[in-house]
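# Tertiary structure, described
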Amino acid sequence: MTKKILTRKKEHLQIANDEPIHFHELTTGFEDYHFVHNALPEIDLKDVNIKANFLGYELQSPLMISSISGGEDESKQLNRDLARAANQSGIALSLGSIRPALENPECIGSYQIARKEAPNIPIIANIGASQLVKEYKSKQLSKILKQIDVNAISIHLNPLQEALQPEGEPHFKGVSRAIEILRETLPYPVIVKEVGFGLSLDAIKRLQKMGIQWVDVAGSGGTSWSRIEHHRMKSQNKKDIATQFFEWGIPTVESIQNAIKVKQMKIIASGGIDTGLKFAKAIALGAELAGAAIPFLQARNKGGVTRVCDLINVYSETLRIAMFCTGNQDLARFRGNKSIISYRKL
Ligand SMILES: Cc1cc2nc3c(=O)[nH]c(=O)nc-3n(C[C@H](O)[C@H](O)[C@H](O)COP(=O)(O)O)c2cc1C
């Protein structure tokens, strides 16, 4: 079983790096939002502060590397590099699903490396909702979270991916109760995320009823899991079915706006945030933090820790300059400020 999961994880990493797996028609929606340039900002660039608080840490920038990897040796090296870059840059790091470690204790080192390399940042573990329904209980998770030394756990909701994945487990009956129980019994904050198909208003409202305070919208417009799984399929008929879902999902901007309608819900924006300007727009639209997976994975594979740090710097400095050129000295004024960003379809 573990071997199968590890092979699958390896294939995901290879496809994500080598193949065109982005949405083609459906976009994130950021392209229709534009900052209102302020030619009289009345602040100095050097005074613009992009520091943000998250899970009791002060981040240098409201940015997170989204869940990607864990399990085998290759994942361990990837987690090592991403953790080094996140720690050097002072941003948050989310690890890939801990399922391999739950099934095979030998895999735990590939997650523990993150804290070893990154003592100063928030680290988040991750598990799939359908595995939560079927297998894992709070006590078991609690033990492993302690061993990996994380600050929170995120649960991924991926019904479409499970439905298309050749060895998928599309078991979502009882998922709400399973999340609720975990939230009540686990001594860690629980974040709920999608994997690139977004969250509807109804889903976010229901998550709030379960006591969830943080959602990572992981909207459509970036990485498409229908495309990734399509690459792994051998049967042409299965490929034809996956093709039907190439443009499925709720775009990232729409998902952020859904989450904003749910009062008190804290938002991590992700899904296709592959430029500094999209990052800045996500925060201006109201997200506490924004995350990205593929951009950091590809940066790391091209040029290791240095290239990831450089990319983080591009995101962060774009945010800083966007704040300067809209006249906002800190994130409290910039975040969710309707007067600085407008909808205009070009
Ligand atoms: C190779 C790869 C592995 C991933 N593994 C996980 C995972 O284990 N758990 C999870 O919640 N999301 C996983 N994701 C989804 C990402 O965390 C993210 O939600 C998604 O890729 C959308 O972000 P992006 O457009 O910036 O890539 C993975 C993504 C990639 C590319």
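Please refer to the structure placed before this passage.
Starting from 1, residues in each chain are numbered consecutively following that chain's sequence as written. Only residues with pLDDT of at least 70 get local features here, since the model is predicted, and only at 80 or more are side-chain atom pairs given and counted; chain-wide, interface and lining totals rely on the full set of residues. Water and hydrogen atoms play no part in the side-chain values, which are based on all heavy atoms of the structure.

### Digging into the overall build of the chain
- We count a stretch as a helix when DSSP gives it H or I for four or more residues in a row; a strand needs E for two or more, and each element gets its number in order from the N terminus. The helix and strand tally for the chain stands at 15 helices and 12 strands.
- The C-alpha atoms of the chain give 19 Å as radius of gyration, which agrees with the globular expectation for 346 residues (20 Å, within 12%).
- For the C-alpha atoms alone, the extent of the chain along its principal axes is close to 60 × 45 × 40 Å.
- Taking as baseline every contact in the chain between residues at least 6 positions apart, the subset at least 24 positions apart corresponds to 79%.
- Accessibility throughout is a Shrake-Rupley quantity obtained with a 1.4 Å probe, and a residue counts as covered only by protein chains that appear here. Carbon and sulfur atoms make up 50% of the accessible area of the chain, which amounts to about 15,000 Å² in all.
- Residues counted as positive are Lys and Arg, residues counted as negative are Asp and Glu, and His and the chain ends are not counted. The atom standing in for a charge is NZ when the residue is Lys, CZ when it is Arg, CG when it is Asp and CD when it is Glu. Separation of charge centres in the chain, based on 44 positive and 36 negative side chains, amounts to 4 Å. All radius of gyration figures rest on C-alpha atoms, and the globule criterion is 2.2 Å times the number of residues raised to 0.38. Here a residue-residue contact requires only that any non-hydrogen atoms of the pair lie within 4.5 Å.

### Digging into empty space enclosed by the protein
- For cavity detection a 1 Å grid was placed over the protein atoms alone, and a set of points counts as a cavity when a 1.4 Å probe fits there but cannot get out; an open set counts as a pocket when protein lies on both sides within 12 Å along at least five of seven lines, with lining residues being those that have an atom within 4 Å of a point. Grid points are joined across faces, edges and corners, and a volume is the space filled by probe spheres set on the points. As enumerated under the stated definition, the model contains 1 cavity of 30 Å³ or more in all.
- Volume-wise, the largest cavity comes out at about 730 Å³.
- As for the largest cavity, its lining consists of 39 residues, and the residues nearest its centre are Ser67, Ile68, Lys193, Val195 and Trp225.
- Broken down by secondary-structure element, the contributors of at least two residues to the lining of the largest cavity are helix H1 (2-18), strand E5 (92-97), helix H7 (159-164), helix H10 (225-232), strand E11 (289-292) and helix H14 (294-324).
- Element by element, the count of residues in the lining of the largest cavity is highest for H1, at 6 residues.
- Residue classes follow a fixed rule: Ala, Val, Leu, Ile, Met, Phe, Trp, Tyr, Cys and Pro count as nonpolar, while Asp, Glu, Lys and Arg count as charged, and any other residue, Gly among them, counts as polar. Of the residues in the lining of the largest cavity, the class split is 14 nonpolar, 19 polar and 6 charged.

### Some details on the site of the ligand
- The full set close to the ligand counts 24 residues, and Ser67, Asn126, Lys193, Thr223 and Gly272 are the nearest of them.
- In the model, an oxygen atom of the ligand is placed 2.8 Å from a nitrogen or oxygen of the Lys193 side chain.
- One of the backbone nitrogen or oxygen atoms of Ala293 is found 2.9 Å away from an oxygen atom of the ligand.
- For the ligand, whose free accessible area comes to 610 Å², the fraction covered by protein is 97%. Whether a residue is near a molecule or strand depends on its heavy atoms: if one lies within 4 Å, it is near. We define a polar contact as two N or O atoms separated by no more than 3.5 Å, with the added condition that, inside protein, one atom must be a possible hydrogen donor and the other a possible acceptor, whereas residues neighbouring each other in sequence contribute only through side-chain atom pairs.

### Brief notes about the sheet that holds E11
- DSSP calls a pair of strands paired once it identifies at least 2 bridges connecting them. The strand order around the closed barrel built from 8 strands is E4-E5-E6-E7-E8-E9-E10-E11, with neighbouring strands paired in parallel fashion. Each neighbouring strand pair of the sheet contributes to a mean axis angle of 25 degrees, computed without reference to strand direction.
- As paired strands, strand E9 (residues 214-216) and strand E10 (residues 266-270) are joined by 3 bridges and run parallel to one another. Pairing of Trp214 across the sheet is with Lys266, part of E10.
- Together, strand E4 (63-65) and E5 form the strand contacts of helix H2 (residues 73-89), whose direction differs from that of E5 by roughly 165 degrees. Structural elements are reduced to axes, namely lines fitted to C-alpha atoms, with helices fitted over the stretch in contact, and the angle between N-to-C directions of any two is expressed from 0 to 180 degrees.

### Section: the packing of aromatic side chains
- Pairs were defined over the aromatic rings of Phe, Tyr and Trp, the Trp ring being its six-membered one, requiring ring centres within 6.5 Å. Orientation was assigned from the angle between planes: stacked under 30 degrees, edge-to-face over 60, tilted for the rest. In the structure shown here, the tally under the stated rule is 7 aromatic pairs.
- On the numbers, 6.4 Å between centres and 70 degrees between planes, the contact of Phe23 with Phe197 is edge-to-face. Residue Phe23 is found in the loop between H1 and strand E1 (33-35), and its partner Phe197 is found in the loop between strand E8 (190-193) and helix H9 (201-209); the two are separated by 174 residues along the sequence.
- Buried residues are those whose accessible area, probed at 1.4 Å on protein chains only, stays under 20% of the maximum for their type, while exposed residues exceed 50% and partly exposed ones sit between those limits. For Phe197, a relative accessible area of 5% gives the class buried.
- Among the aromatic side chains, those forming a connected cluster through ring pairs are Phe279, Phe296 and Tyr315.

### Notes on helix H4 (residues 109-117)
- Every buried residue of H4 is listed here: Ser110, Tyr111, Ile113, Ala114, Arg115 and Glu117.
- Looking at the buried side of H4, the elements it contacts are strand E3 (57-59), H2, E5, helix H3 (99-103), strand E6 (123-128) and helix H6 (138-148).

### With respect to the layout of surface pockets
- When its volume is computed, the largest pocket comes out at roughly 370 Å³.
- What lines the largest pocket is a set of 18 residues, and nearest its centre among them are Leu157, Pro159, Leu199, Ala203 and Arg206.
- At the level of elements, H7, helix H8 (175-185) and H9 are the ones that each hand at least two residues to the lining of the largest pocket.
- Of the residues belonging to the lining of the largest pocket, the class tally is 13 nonpolar, 3 polar and 2 charged.
- Computed from the structure, the second largest pocket encloses a volume of approximately 320 Å³.
- Ile260, Ala284, Leu285, Gly336 and Lys338 are, among the 13 residues lining the second largest pocket, the residues nearest its centre.
- Looking at the lining of the second largest pocket residue by residue, the classes come out as 5 nonpolar, 4 polar and 4 charged.

### Here we look at the side chain of Asp81
- Among the secondary structure elements, Asp81 is positioned in helix H2.
- A polar atom in the side chain of Asp81 sits 3.0 Å from the side chain of Arg80.
- Those residues within four positions of Asp81 in sequence are excluded, and the remaining contacts are Arg300 and Val305.

### Focus on unusual backbone geometry
- Not every positive phi belongs to a glycine, and Ala218 is a case in point at roughly 35 degrees.
- Along the polypeptide, Ala218 turns up in the loop between E9 and H10.
- Judged by relative accessible area, Ala218 falls into the buried class, the value being 4%.
- The residue Gln264 is not glycine, and still its phi comes out positive at about 75 degrees.
- Within the fold, Gln264 resides in the loop between helix H12 (252-260) and E10.

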